[in-house]
Amino acid sequence: MSQGHGDEPDPELPQDINTNMAHPARVYDYWLGGKDNFPADRDLAELMIQAIPNMREMAAANRAFLSRAVRHLAGEAGVRQFLDIGTGIPTSPNVHEVAQEAAPDARVVYVDNDPIVLAHARALLTGQDAGATAFIMADLRDPKSILDHPTLAATLDLSQPVAVMLVAVLMYFRDDDSPNPFEMVATVMERMPSGSYLAVTHPTPDFNPEETAKAVAAAEAAGVTLVARTQAEVGEFFTGLELVDPGVTPVLSWRPDTPPADPRVAYYWAGIARKA
Amino acid sequence: MVAATRVSRRTAVRRTRTRATQRRGRPPAGTSAAHREVVLDAVFELLVELFTALIHRQAEAADQAVAAALDDDGGADPAATLTAFATNLLRLLLGERSVALNRAALAELAAVLLAQGRHRTGPIVEAYLARLAQAGVLPPPAAAALAAQARTAVERFLSPRRPRTSVWTSPAGWETVWQFRPGGNAMSESRAPAGGGPKVQRLLVGAKLRRLRTDLGLSREEAAEAIRASAWKIHRLENGQVGFKQRDLVDLLERYGVTDPDEIDELLTLAREANVPGWWQHYGDVLPQWFRTYVDLESAATLIRTYEGMFVPGLLQTDDYMRAVIHGAHLEEPPEEVGRKVRLRMARQILLTREHPPRLWAVVDEAALRRPVGGPAVMKGQLQRLLEATELPNVTLQILPFDAGAHAAMVGSFSVLRFPDQELPDVVYLEHISGASYLNKPDEVDQYLHVMESICVRAAAPDQTVELLEKLLDDL
C-alpha cells in the first residue's frame, strides 16, 4: 500500500483541499442546485445572484449548451474524442454520457484544477466507462501540463479530431495574465489535428452592463477573477478557426432545442469553430 | 500527477484482477447475484420469523381475551358474556396492532397468518358456541350461522382492499423488514435519545422552514410571534423534533412570504405525512429508536457517503463478517439472537440492489481491512465481497491507506446522507455505543463534508482500491 515514503510529501497526492476560498466549480454547483459546496462558495454565489437575479438560469443555460454542443459534435460533426477543460462538479448529464449516447465509442478526458472535482469525477467512473473516460488534475494556466499529460496521450489519439470544450471557463483569466487566455486557447488548439473543434461560452457585458459589472465586482471582492468580454473579444478566441453556424450567438440561441423567448436574458456568448 | 498513474494503470489493474480472480477459482462475474440471493434469503427468513412471532403475540392476546370472556360457562347471562367477548375480540381485531399487521400482511405469508392466527382463535369461539348450544341456550342452527358469520367477518377483515406489494420492491416494505422484530425484548442495550429520532419528513419540513426563515434574516423569536409560540418551539420545529400543526405551518409560511399554492400544498402534505406515525411504530421494541431513524433516513437517501475507520461498512459486510463483529460486541448473546441480528443487517443490504438504489461512496481505513475479524477465512470472504461490490455501478469504494498518515477523519467514523430534495440539507450520522447523533445544521454538516472531501482526495482512487484489495487478499 505504498503511496508515499516516510514523511516526504508524495508528489502524486493532490494538495489538500481548500474550502475557505470560493472555487468556481463549487459556485457553479450551487447555482445548478448541487450540495457539494461550502459557505465561501455559497456566499459568492448568492452575492452574484443579487447582482444578476437570473444567475441560476444562466448557469443552467451553459449546462444545456454543453449538452447540445456535445450532441452536435458527436452526432452531426462525427467527433469521437472530447477534451473538457474546467469540468466542474459532475452534473448529470455529463459530457461522456451525452457523447456516448450519440456515439458509444466516444472518449472523454476531463480536466479541472480542483481536487474535490477530481475525487467526485473518479468516484462516478464506473466499469463501463473505464478506458473511455479519464481525468486530469491540471490548470489551463499551464496548457502544456494538460497537453503533455500521459493520461491525455493514453486516452485520446491526437492524430484524430478532438472537440475542446471550454464552457464558462475563459472568464477566469485576464488579458494581462501570462499566458493570456487567448494564448492558452491557441496553445491547446495548435496541438489538435485538422478537423478538431473548439466550443466556448463566455459571460459578456453586452446585454446588461450594470448587472454584469456588479457580478464582476462581487467575484473580484471574493478573490475570484472574473472578466466579462464583448462579442468581438469572444470571437477572438476562434482566431484561425472556421465558425460553425450560427456563429457567436447568445448562449440560449446556439442551435436551441426550442427557440428562447428572449435570448438576451442569459448574459453569455457561445460559439463552436472547426480547425481546417 | 495522480490521475496519470492511476488511469494508465487501469488496464493493468483489470488484467491483474482477472488473473487473481481465476487463481482463486471464483467465477469472474455473477457472484454479486449469489450475494443478492443470500440477502433475499435473509429477508425472507426474517419476514417469516417476524410475522410468525407477531401473529403469535396477537393470537396469545386474543386467546387470553376470549378465554377470560368465556370463562363463565353458561351460568350467567350468555348475551352479556357474548357481548363482552365480542367487544374484546373486536377491540383486538380492530386495534392498531391488528390493523397494522393486516396492512403489512404479504401474500406469501398469508398461510402463516391463517395457521397461527385465525385457526387458533377460531376453534375456541366455536367450542364456546357449541357449549351454549349443548346447554340449550342457543339453538344449533343459530350457532352454526353465527360461526359462519364470524368466519365471513374474519375473512373480510383479513383481505385488505389495497393490492399487496412485495416487501423487497416497496420502500414501505423495506421499512417493514426493519421495523418488525419478534419477541418483546429490546434489541440492544442502547438507550434511545430523548424524544426519539425525527422522521425524515419532519427533517425535511423543518429544514425548509429554517431555510425560509434565515433567507429573510428573521430570528427565531420573530418567527415565533407568527404562531404565538416561543423561539424554542421554532427551534424544535426546525429540527424535526415535534410534529406540525396545520395552522402553525400556514401562519409560518405566510410570515415567510410563501404564496405559491403548490409550494404551500407540498409542505402541508409533507407535514401531514410527518405527523402520521408509520404503522410499524406500534412495535416500538423492534429496533433501538436511533437505529430505526438511521434506516429510515438511509432508505430515503440518494447518496450515502461513509467513512469507516474500524470495520467494513455495514452495507458491504458478509454475513460471516457481521456475525464475527456481533460476537465481538456481545459475548453473552445466545446464537439465536446473533443469527437474528445478522439476518436483520443482511436484509438492510437489499438497499444497494433495489430498483433506483442509492449511491454508496465509502472510504474505509486500511486498518479496518487489516484487522482479522473472524479469522483469515472470514476476512478472505469479506475482501472478495468488497471486490464484487466495486463492480456495482452505484458503489464507489476507496481505501484510505496507512501511508496517507494523519488524516482529517481520525476522530472517528461517520456518514453523510443526501436526499433527493434540493431544499433538504445533508444529514450527518454519528454512531455511539449507546445511541447515535444526527446533525443537519448547515455549519455542522459543512465541517463533516469538508472532512469527507478531504479524505476522498487523500484516499486511493477507486481503481487503485481494487488493486489494494487484491494485495490484501494475497497477503492473507
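Because the structure is predicted, anything quoted here is derived from the model rather than measured. (Residues numbered from 1 in each chain as written. Chains lettered and ligands numbered in written order. Predicted model: local features only at pLDDT ≥ 70, side-chain atom pairs only at ≥ 80, totals over all residues. Heavy atoms only, no water.)

A. Quick look at the overall build of chain A. Secondary structure summary: chain A contains 10 helices and eight strands in total. The buried share of chain A, taken over its 276 residues, is 58%. Long-range pairs, those at least 24 residues apart, make up 73% of the contacts in chain A with a sequence separation of at least 6. Of the roughly 11,000 Å² of accessible surface on chain A, 51% is carried by carbon and sulfur atoms. (Helix = DSSP H or I, 4+ residues; strand = E, 2+ residues; numbered from the N terminus. Buried < 20%, exposed > 50% of the residue type's maximum accessible area, 1.4 Å probe, protein only. Contact = heavy atoms within 4.5 Å. Areas by Shrake-Rupley, 256 points an atom, 1.4 Å probe, with all protein chains shown as cover.)

B. Spotlight on the overall build of chain B. Within chain B, the regular secondary structure consists of 19 helices and six strands. Taking all 476 residues of chain B together, the buried fraction comes to 51%. The contacts in chain B between residues at least 6 apart in sequence include a share of 78% that link residues at least 24 apart. As displayed, chain B has an accessible area near 21,800 Å², and 56% of this comes from carbon and sulfur atoms.

C. Expanded view of helix H3 (residues 55-74) of chain A. Here H3 of chain A spans 29 Å end to end across 20 residues, near enough to the 28 Å set by a 1.5 Å rise per residue. Where burial is concerned, most of H3 of chain A is hidden: 15 out of the 20 residues are buried. (Expected span 1.5 Å × (residues − 1).)

D. The arrangement of the confidence of the model for chain A in detail. Taken residue by residue, chain A gives an average pLDDT of 91. The fraction at 70 or more is 92%. Below pLDDT 50 for its whole length, residues 1-13 of chain A participates in 24 contacts with residues either more than four positions away or in separate chains. (pLDDT = per-residue confidence, 0-100.)

E. Layout of the packing of helix H1 (residues 24-31) of chain A against helix H2 (residues 39-51) of chain A. Residue and element names in this part refer to chain A. Axis separation between H1 and H2 bottoms out at 9 Å; the angle between their running directions is 60°. Compared by their axis directions, H1 and H2 come out oblique. Between H1 and H2 lies a crossing of right-handed hand. The residues of H2 that touch H1, namely those facing Arg26, Val27, Tyr30 and Trp31, are Asp41, Arg42, Leu44, Ala45, Glu46, Met48 and Ile49. By residue class, the composition of the contact of H1 with H2 is seven nonpolar, no polar and four charged. (Axes fitted to C-alpha atoms, helices over the stretch in contact; angles between N-to-C directions. Parallel < 35°, antiparallel > 145°, perpendicular 65-115°, else oblique. Left-handed = near helix turned anticlockwise from the far one by under 90°. Nonpolar A, V, L, I, M, F, W, Y, C, P; charged D, E, K, R; others polar.)

F. Seen up close, a negative patch on the surface. A grouping of Asp260, Asp262, Glu263 and Asp265 of chain B is seen on the molecular surface, where their side chains present a negatively charged patch. Secondary-structure assignment places Glu263 of chain B in helix H12 (residues 261-275). (Patch = residues over 30% accessible without salt bridge, like charges linked within 9 Å, V, L, I, M, F, W, Y side chains within 5 Å. Salt bridge = Lys/Arg side-chain N within 4 Å of Asp/Glu carboxyl O. Lys, Arg positive; Asp, Glu negative; His and termini not counted. Charge placed at Lys NZ, Arg CZ, Asp CG, Glu CD.)

G. Local environment of the packing of aromatic side chains. Throughout the structure, instances matching the rule amount to seven aromatic pairs over all chains. When the ring of Phe182 of chain A is compared with that of Phe237 of chain A, the centres are 4.3 Å apart and the planes differ by 15°; the resulting orientation is stacked. In this pair, Phe182 of chain A sits in helix H8 (residues 181-191) while Phe237 of chain A sits in the loop between helix H10 (231-236) and strand S6 (242-243), placing the two residues 55 residues apart along the sequence. The class for Phe237 of chain A is buried, based on a relative accessible area of 4%. Linked through ring pairs, Tyr307, Phe414 and Tyr448 of chain B together constitute an aromatic cluster. In this structure, Arg305 of chain B packs its charged tip against the face of Trp361 of chain B, placed 4.1 Å from the ring centre. (Phe/Tyr/Trp six-rings, centres within 6.5 Å; stacked < 30°, edge-to-face > 60°. Lys NZ or Arg CZ within 6 Å of the ring centre and 35° of its normal.)

H. Highlighting the pattern of salt bridges. According to the stated counting rule, one finds 25 salt bridges over all chains in the structure shown. A salt bridge links Arg191 of chain A to Asp148 of chain A; the shortest N-O distance between them is 3.1 Å. On the criterion of sequence distance, the pair formed by Arg191 of chain A in helix H8 and Asp148 of chain A in the loop between helix H6 (143-147) and helix H7 (150-155) is long-range, its members being 43 residues apart. Residue Arg191 of chain A is classed as partly exposed on the basis of its relative accessible area of 34%. Linking Lys233 of chain B and Asp248 of chain B is a salt bridge whose minimum nitrogen-to-oxygen distance equals 3.5 Å. Placement of the pair is Lys233 of chain B in helix H10 (residues 231-238) and Asp248 of chain B in helix H11 (residues 246-255), with a sequence separation of 15 residues. Salt bridges linked by common partners bring Arg228, Lys233, Arg247, Asp248 and Asp251 of chain B together as one network.

I. Broad picture of unusual backbone geometry. Look at the link from Ser178 of chain A to Pro179 of chain A: it is a cis peptide, with omega at -5°. Position of Pro179 of chain A among the secondary structure elements: in the loop between strand S4 (163-167) and H8. With an omega of 5°, the peptide bond running from Asp245 of chain A to Pro246 of chain A counts as cis. Its location among the elements puts Pro246 of chain A in the loop between S6 and strand S7 (249-250). Phi is positive for Arg255 of chain A, which is not a glycine, with a value near 40°. Checked against the element boundaries, Arg255 of chain A lands in the loop between S7 and strand S8 (268-274). With a phi close to 55°, Arg228 of chain B is a non-glycine residue in the positive phi region. Residue position: Arg228 of chain B is located in the loop between helix H9 (220-226) and H10.

J. Just the side chain of Thr87 of chain A, in detail. Residue and element names in this part refer to chain A. Here Thr87 is to be found in the loop between strand S1 (81-85) and helix H4 (95-102). Of the polar contacts made by the side chain of Thr87, one reaches the backbone oxygen of Asp84; its length is 3.2 Å. Not counting chain neighbours up to four residues away, the residues in contact with Thr87 comprise Arg63, Tyr110, Val111 and Asp112. (Polar contact = N/O pair within 3.5 Å; in protein donor to acceptor, adjacent residues only side chain to side chain.)

K. A look at the side chain of Glu211 of chain A. All names here are of chain A. In this fold, Glu211 is placed in helix H9 (residues 209-221). Look at Glu211: it is buried, it has no salt bridge, and the nearest opposite charge is Lys214 at 6.6 Å. Side-chain polar atoms of Glu211 contact the side chain of Tyr267, separated by 2.7 Å. Each residue touching Glu211, except ones within four places of it in the same chain, is listed here: Ala51, Ile52, Pro53 and Tyr267.

L. Fine view of the pairing of strand S4 (residues 414-418) of chain B. Residue and element names in this part refer to chain B. Along S4, five of the five residues are buried, which leaves the element largely enclosed by surrounding structure. Burial along S4 is two-sided: the face carrying Phe414, Val416 and Arg418 and the face carrying Ser415 and Leu417 are both buried. In this sheet, S4 lies alongside strand S1 (residues 303-308) in antiparallel orientation, the contact comprising five bridges. Its bridge partner being in S4, Thr306 is matched across the sheet by Ser415. When S4 meets strand S5 (residues 427-432), the two strands line up antiparallel, connected through three bridges. Residue pairing for S5: Val416 is matched across the bridge by Val428. (Pairing = 2+ DSSP bridges.)

M. The nonpolar core, seen in detail. Trp31, Phe82, Leu83, Leu140, Val164 and Leu166 of chain A are the most contacted members of the largest nonpolar core, which totals 89 residues. Considering every element that reaches this core, the biggest residue donor is H3 of chain A, with 10 residues. Within the second largest apolar cluster, 61 residues are counted, among which are Leu209, Ala224, Leu249 and Tyr321 of chain B. (Core = buried A, V, L, I, M, F, W, Y, C linked by side-chain atoms within 4.5 Å.)

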